[in-house]
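# A structural walkthrough
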Amino acid sequence: MLCALLVSAFAAQGASAVGTTGYTCNTTGTAVGTKFSDAHCKTSNVNGEFRHVEIPKGTTTELTVSNETTEGVKDNTLFKFTIAGSAISFTGTTTSGSGWMTNAEEGGEMFAHGEGTATYTGITASGGCKVFTDSGAGKGEEGVIHTEPLKGSTKGQGDSVKFEPAAGTVFARFLLEGCTNTGVNGTYTVTGAIKSTTVNGATVNFTHADTTTQNTLKLNATIKMGLEGTVTFKSRLNSGQSYTPLSATT
């Protein structure tokens with residue numbers, strides 16, 4: 001899902017506490033640890049111009065999220081589940097979203113946390129199905145799914161980030177129509193939580209195998225749902241600045 005969504009800059013920070021926190025990937029500022037040859041801080045290079053730059057604890061930054069990779073290519077998001085005996089998959093071509101994040105310390109652990117929303121567009125589905133967003137008030141845009149407000153945190157997650165609803169239990173809602181198997185048609189509510197599979201530089205990765213094994217993301221409370229794709233986060237302190245990729249290291 002989304003989830004889309006909200007903190008992907010993680011690095012060990014501070015001598016008095018351990019954990020994973022947010023750093024920007026930038027060409028200016030005091031370098032922390034490894035230098036990199038790319039703007040998403042994925043490829044280490046001692047002569048690289050990019051470096052991790054610390055976001056001070058307690059500083060709130062604005063976030064954007066997309067599915068655009070370091071190479072500028074959009075990595076499709078794939079959703080999979082089985083309903084009424086039919087294996088159904090969605091493919092979304094574009095992920096976008098916004099929110100905020102901050103670094104914090106609690107109980108001797110440093111961590112990043114934040115909130116935001118994500119939107120998946122350009123969605124096509126298998127089985128003859130058409131996908132529509134559902135705000136809870138009925139049928140909305142075709143080929144679009146909007147998440148509810150979500151929160152993400154690295155607290156207690158090691159090298160991963162966990163995403164879940166900011167309040168309540170609902171991630172998102174959608175409507176299926178026109179499916180070849182008419183038993184699949186209907187309104188669905190996504191609930192639960194999901195953890196990233198890996199984090200590579202500014203990119204948070206999810207695989208279908210890993211997210212289904214977690215068995216924590218559900219349709220209508222009982223149907224296991226898997227997700228595959230990537231999301232990339234960027235950050236800025238305020239509207240007067242440009243967004244800069246958030247990066248991860250271990």
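This text gives an overview of the structure that appears in the document. Bear in mind the structure is a predicted one, so any value in this text is a computation, not a measurement. (Residues numbered from 1 in each chain as written. Predicted model: local features only at pLDDT ≥ 70, side-chain atom pairs only at ≥ 80, totals over all residues. Heavy atoms only, no water.)

## Digging into the overall build of the protein chain
On a plain count of helices and strands, the protein chain comes out with 1 helix and 23 strands. For 250 residues, the compact-globule formula gives about 18 Å, and the C-alpha radius of gyration of the protein chain, at 18 Å, lands near that figure. Principal axes of the C-alpha set define a box for the protein chain whose edges measure 60 × 40 × 35 Å. The buried share among the 250 residues of the protein chain stands at 46%. Within the protein chain, residue pairs in contact and separated by at least 24 positions form 63% of the contacts whose partners lie at least 6 positions apart. Per element, the accessible surface of the protein chain, about 10400 Å² overall, is 48% carbon and sulfur. (Helix = DSSP H or I, 4+ residues; strand = E, 2+ residues; numbered from the N terminus. Rg over C-alpha atoms; globule rule 2.2 N^0.38 Å. Buried < 20%, exposed > 50% of the residue type's maximum accessible area, 1.4 Å probe, protein only. Contact = heavy atoms within 4.5 Å. Areas by Shrake-Rupley, 256 points an atom, 1.4 Å probe, with all protein chains shown as cover.)

## Some thoughts on the side chain of threonine 232
Structurally, threonine 232 is set in strand β22 (residues 223-236). Engagement of the side chain of threonine 232 in a polar contact is seen with the backbone oxygen of glutamate 68, the distance being 3.1 Å. Of the polar contacts made by the side chain of threonine 232, one reaches the side chain of threonine 203; its length is 3.4 Å. (Polar contact = N/O pair within 3.5 Å; in protein donor to acceptor, adjacent residues only side chain to side chain.)

## A short note on the state of the cysteines
Throughout the structure, instances matching the rule amount to 2 disulfides. Across the disulfide, cysteine 129 is cross-linked to cysteine 179 (sulfur-sulfur distance 2.0 Å). Classification of the bridge connecting cysteine 129 and cysteine 179 rests on its S-S torsion, roughly 125°, and on that basis the disulfide is right-handed. You can see cysteine 129 sitting in the loop between β10 (124-125) and β11 (130-134) and its partner cysteine 179 sitting in the loop between β16 (170-177) and β17 (186-192), a full 50 residues away along the chain. (Disulfide = S-S within 2.5 Å.)

## Some remarks on the nonpolar core
Within the largest apolar cluster, 37 residues are counted, with the highest numbers of intra-cluster contacts made by Phe81, Phe90, Phe174, Leu176 and Leu219. At 5 residues, β22 tops the list of elements feeding residues into this core. Residue contacts for leucine 176: discarding those within four places in its chain leaves Phe90, Cys129, Lys130, Val131, Val184, Asn185, Gly186 and Tyr188. (Core = buried A, V, L, I, M, F, W, Y, C linked by side-chain atoms within 4.5 Å.)

## Thoughts on unusual backbone geometry
Not every positive phi belongs to a glycine, and cysteine 41 is a case in point at roughly 50°. By relative accessible area, which is 1% here, cysteine 41 ends up buried. Notably, asparagine 220 is not glycine yet its phi reads approximately 50°, a positive angle. Its place among the elements puts asparagine 220 in the loop between β21 (217-219) and β22.

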